[in-house]
Amino acid sequence: MYKNLTIAAILGGIAVVLGAFGAHALKTRLAPEALESFETAVRYQVFHALLLLLVNMFAEFTNKEKNRISYFLIAGILLFSGSIYLIYLANVPAKAIWFVTPLGGMLLIMGWSLLAYRFFKKVIKS
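The structure reproduced in this document is the subject of the present report. Predicted, not measured: the structure shown is a model, and the values here were computed from it.

Some words on the nonpolar core
Here is step 1 of the chain: Among the nonpolar cores identified, the biggest contains 26 residues, and Leu52 and Ile69 are the most heavily contacted of them.
Here is step 2 of the chain: Mapped by element, the contributors of at least two residues to this core are helix H1 (2–24), helix H2 (32–57), helix H3 (63–89) and helix H4 (100–125).
Here is step 3 of the chain: The element best represented in this core is H2, accounting for nine residues.

Spelled out as structure tokens, the structure:
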């Protein structure tokens, strides 16, 4: 559990750093559409880092449930946001990693879906 909380805190902190970097250093370097895409990656990373914190602090989930949801969310953040960062910070051609961003998005959706499923199971039991 603390491993997931630590990862969530690190991902949240990195998102703040990258958001500030994007707002200041990239503002003059990127076209408005590219900057908007970069900001989307930062925003998704922040939202999902917060979700990771909430999932792992929710006392009614078992460690197994927390880990399973967390793995989807962490992998989704790394692939979704990470691929966008690579495109704009490391100049990796989007065509070279075109499949990574949607795969990351699918993993985030799967994390949310698993979270909803776990909550639904708890509703049925109560």
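Points about the environment of Gly105
Here is step 1 of the chain: Counting through the fold element by element, Gly105 comes out in helix H4.
Here is step 2 of the chain: Overall, Gly105 belongs to the buried group, its relative accessible area being 18%.
Here is step 3 of the chain: Between the alpha carbons of Gly105 and Tyr44 there is a distance of 9.6 Å; along the sequence they are 61 residues apart.

Some words on the packing of H1 against H3
Here is step 1 of the chain: The contact between H1 and H3 brings their axes to 11 Å, and the two run at 20°. For the element pair H1 / H3, the angle class is roughly parallel. Considering the relative orientation of H1 and H3, their crossing is left-handed. Of the residues in H3, those in contact with Lys3, Asn4, Ile7, Leu11, Leu18 and Phe21 of H1 are Lys66, Asn67, Ser70, Tyr71, Ile74, Ile77, Tyr85 and Leu89.
Here is step 2 of the chain: In terms of residue class, the contact of H1 with H3 is built from nine nonpolar, three polar and two charged.

Quick look at unusual backbone geometry
Here is step 1 of the chain: In this model, Asn91 sits at a positive phi of 55°, which is unusual for a non-glycine residue.
Here is step 2 of the chain: Here Asn91 shows up in the loop between H3 and H4.

Some details on the packing of H2 against H3
Here is step 1 of the chain: Packing of H2 against H3 brings their axes to within 9 Å, and their N-to-C directions diverge by 165°. Between H2 and H3, the angle falls in the class roughly antiparallel. Of the two possible hands of crossing, H2 and H3 adopt the one that is left-handed.
Here is step 2 of the chain: Each residue belonging to the contact of H2 with H3 can be placed in one class, and the counts come to 18 nonpolar, seven polar and one charged.

Definitions and limits used
Residues numbered from 1 in each chain as written. Predicted model: local features only at pLDDT ≥ 70, side-chain atom pairs only at ≥ 80, totals over all residues. Heavy atoms only, no water. Core = buried A, V, L, I, M, F, W, Y, C linked by side-chain atoms within 4.5 Å. Buried < 20%, exposed > 50% of the residue type's maximum accessible area, 1.4 Å probe, protein only. Helix = DSSP H or I, 4+ residues; strand = E, 2+ residues; numbered from the N terminus. Axes fitted to C-alpha atoms, helices over the stretch in contact; angles between N-to-C directions. Parallel < 35°, antiparallel > 145°, perpendicular 65-115°, else oblique. Left-handed = near helix turned anticlockwise from the far one by under 90°. Contact = heavy atoms within 4.5 Å. Nonpolar A, V, L, I, M, F, W, Y, C, P; charged D, E, K, R; others polar.

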